[in-house]
Amino acid sequence: MHDDGSESNWLPLAIAEYVDRDEKLLSQLEGLLVLSGGREEVVTPAEIANQTDVPVSATTDVFRQLSQTDAVERESFETNVSNSSYRADVEICRQIFETARYAARSVNAYQERQPPATRATPLVTFPSDPAFENVSPTSFGMSWLMPALTRQIKRSEESIILLAPFFEEEGFSHLEEVLLAAVERGVEVRVVSRYLTDSASYNHAVLKSFAEAARERNIDRSLLTFIDYTRWSTGTPPEQRRQDGATPAFTLHAKIILFDDAATYIGSANVTDYGFEHYLESGVLLEGPPVEGFVDLVDFLLNSEGATTVSLLD
């Protein structure tokens, strides 16, 4: 590892965040990396993910972090980073993952001791810009956006409401599996977007695929609802009420996710690969009394005339 200590201060915690500060998942990753390093074999993030409970996207992010040190060295460069080959250094991997488990344990214990109170966690996605290679969100007192969202989804017990104006398949893939798992355990999931009544729209295609995935897993369809909020002027002809047609009179541009009416994410990121992986996006996760205002706002929206429930499995 570099000897200036710059990475060692934040890298183990960043790795822990990518797996939701789960010590079991950290041990799974460490074990496979140490095994491949001991055998002097190369390994890809996709191969590691297939042998663990860690999603491919999170495993790839862990490799990105490790590659900033001497813990892993990239042997091949593929367009899809998850298929790139890496060679692991056994001792350095052991040191980093031991520290990552300690960091996860410490942060989790600290959060459990805190009394209920208003809490605001700044969240960020860094752009694919070389200027950001040697910094992490903790350098600015922030946390990674994607791990924070997936962690909240996993913690939800009753309901999740996701509002976003733009969906894209690769971006939504970061949330799809954890949302399906939430519905499987009985959590009601409602997705609110625009142009859902237009079967040719991007949003309709992405969310229809999600609905079909839920059906294939025999998930209770009553727990999964899709709502369109695209209000057209009365003079707009039906054939123009589509994504590439007329401009709506009213619609949504807010990005809000409510978790059990107890926490809410508000930010700039759309549910796209660029929003979650490649652009500079920022937001905040709120917990405590301020969440009530967003709960009321979303309830008001869902009960307005502009909100239309759409069946995506007909």
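Up top you'll find the structure we're talking about.
In this text the structure is predicted, and so the values were computed from the model without any measurement.

**Focus: the packing of helix α1 (residues 11–18) against helix α5 (residues 90–113)**
Running from amino to carboxyl end, α1 crosses α5 at an angle of 70 degrees, the nearest separation of the two axes being 8 Å. For the element pair α1 / α5, the angle class is roughly perpendicular. Crossing hand, α1 versus α5: right-handed. Note on element contacts: α5 touches α1 through I96, F97, T99, A100, A103, A104 and V107, opposite L11, P12, L13, I15 and A16. Partitioning the contact of α1 with α5 into residue classes produces 11 nonpolar, 1 polar and no charged.

**Re the nonpolar core**
Residues I160, F167, F172, F226, F259 and Y265 are the most contacted members of the largest nonpolar core, which totals 42 residues. Within the residue set of this core, elements represented by two or more residues are α6 (145–155), β6 (159–163), α7 (169–184), β7 (188–193), α8 (202–216), β8 (224–231), β10 (256–259) and β11 (263–267). If one sorts the elements of this core by residue count, α7 sits on top with 7 residues. Those residues in contact with F259 that lie beyond four places of it in its chain are L149, Q152, I153, S156, S159, I160, T264, Y265 and L285. Grouped together as the second largest cluster of nonpolar side chains are 33 residues, L11, V43, F97 and V124 included.

**Here we look at the environment of A46**
Along the chain, A46 falls in helix α3 (residues 45–50). C-alpha separation for the pair A46 and E23, spaced 23 residues apart in sequence, amounts to 20 Å. Filtering out sequence-adjacent residues up to four positions away, A46 remains in contact with V56, S82 and N83.

Calculation notes
- Residues numbered from 1 in each chain as written.
- Predicted model: local features only at pLDDT ≥ 70, side-chain atom pairs only at ≥ 80, totals over all residues.
- Heavy atoms only, no water.
- Axes fitted to C-alpha atoms, helices over the stretch in contact; angles between N-to-C directions.
- Helix = DSSP H or I, 4+ residues; strand = E, 2+ residues; numbered from the N terminus.
- Parallel < 35°, antiparallel > 145°, perpendicular 65-115°, else oblique.
- Left-handed = near helix turned anticlockwise from the far one by under 90°.
- Contact = heavy atoms within 4.5 Å.
- Nonpolar A, V, L, I, M, F, W, Y, C, P; charged D, E, K, R; others polar.
- Core = buried A, V, L, I, M, F, W, Y, C linked by side-chain atoms within 4.5 Å.
- Buried < 20%, exposed > 50% of the residue type's maximum accessible area, 1.4 Å probe, protein only.

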